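# Reading the structure
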Amino acid sequence: MRKILLIVEFLGTHYSGWQLQPNAPSVQGVVEDALAKVLGQAVRLHSAGRTDAGVHARRMPAHFQTEVNLPTVAFRDGVNRFLPADIAVQEAREVPDGFHARFSACRKWYRYTLFLNQVRSPLSAQTSWHLKRSLDLQAMKAGAFNLVGHHDFSAFRSSTCAAKTTAREIFDIQFSQDGPFLFLDFHGSGFLKNMVRMMVGTLIEIGLGKRPADDIARLLNRERGLRSGPTAPPQGLCLMDVYYNRLIDGTCQH
């Protein structure tokens, strides 16, 4: 039995998220259907995680098992023949039997993109959150500093989050700008449902002067009566990459 790892890029605008849904189109379902056409049989993909409806991915790892003896390039080019324009397999390779796209991961990188301009950008509408007001970046960075480290992030998760534990580690949060675009890059061990979007929403409130930067520390300490900011819109969020331990690909460093 072979274990094949796919790296999938997708624009999540028209999907209910990565995970299979009974009555809505999902990225996983579309890729599994394409795989079935290439393999002549159904397979189940196991991904590095889930993405919400409307969220994108530059590199979503997902593996499957098969006995079909095709060259690995066929799992890329063959599958892409049956995929729509907003989904593509960028890489396909065979991995060791002990590898798991989710459980072997040791670091994930999410990017949230903000478009700061008085006039909207139709070309960027599906991949960024448009804000007309300027932001206090120093205050936002002060708030973000408190998020770095190992914490209980229960204040930054959806009410429908099914995770058994809420402790996660944020290794780094970086801010960068390119013209009107502001990028917030989150590197961590893993993320709860809506966690990045809720952190972004809270940081935006800080940047707009609606709350102090030290609210982040108070939220992490679960201060009674204090709530996080709004959940940022999904279209600004993208899973940029997932890293694995050095025994597999030598990339996981933090």
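Going by the structure above, here's the rest.
Throughout what follows, the structure given in this document is the object of discussion. As the structure is a computational prediction, the values presented were derived from the model and not from experiment.

### Description of helix H2 (residues 72–80)
Buried residues of H2: Ala74, Phe75, Gly78 and Val79, and no others. Considered in projection along H2, the buried side chains sweep an arc of 105° and stay on one side of the axis. As for H2, its buried residues are in contact with strand E1 (2–10), helix H1 (27–39), strand E3 (56–66) and strand E4 (87–94).

### Quick word on the pairing of E1
Counting buried residues in E1 gives eight out of nine residues, a clear majority hidden from the surface. Taken together, the eight bridges between E1 and E3 define a ladder with antiparallel strand orientation. By the bridge assignment, Arg2 is partnered in E3 with Thr66.

### So, unusual backbone geometry
Here Asn194, not a glycine, exhibits a phi torsion of approximately 70°, which is positive. Here Asn194 is to be found in the loop between strand E9 (181–188) and helix H4 (195–207).

### A word on helix H3 (residues 137–145)
Within the sequence span of H3, burial applies to Leu137, Ala139, Met140, Gly143 and Ala144. Relative to the axis of H3, the buried residues are bounded by an arc of 160° and lie together on one face. Opposite its buried face, H3 presents the exposed residues Gln138 and Phe145, each directed more than 90 degrees away. In the core, the buried residues of H3 are packed alongside strand E8 (167–178), E9, H4 and helix H5 (215–220). The distance from a side-chain oxygen at the start of H3 to the backbone nitrogen of Gln138 is 3.2 Å, and the residue carrying that oxygen is Asp136.

Procedures and definitions
Residues numbered from 1 in each chain as written. Predicted model: local features only at pLDDT ≥ 70, side-chain atom pairs only at ≥ 80, totals over all residues. Heavy atoms only, no water. Buried < 20%, exposed > 50% of the residue type's maximum accessible area, 1.4 Å probe, protein only. Helix = DSSP H or I, 4+ residues; strand = E, 2+ residues; numbered from the N terminus. Arc of directions from axis to C-beta. Contact = heavy atoms within 4.5 Å. Pairing = 2+ DSSP bridges. Polar contact = N/O pair within 3.5 Å; in protein donor to acceptor, adjacent residues only side chain to side chain.

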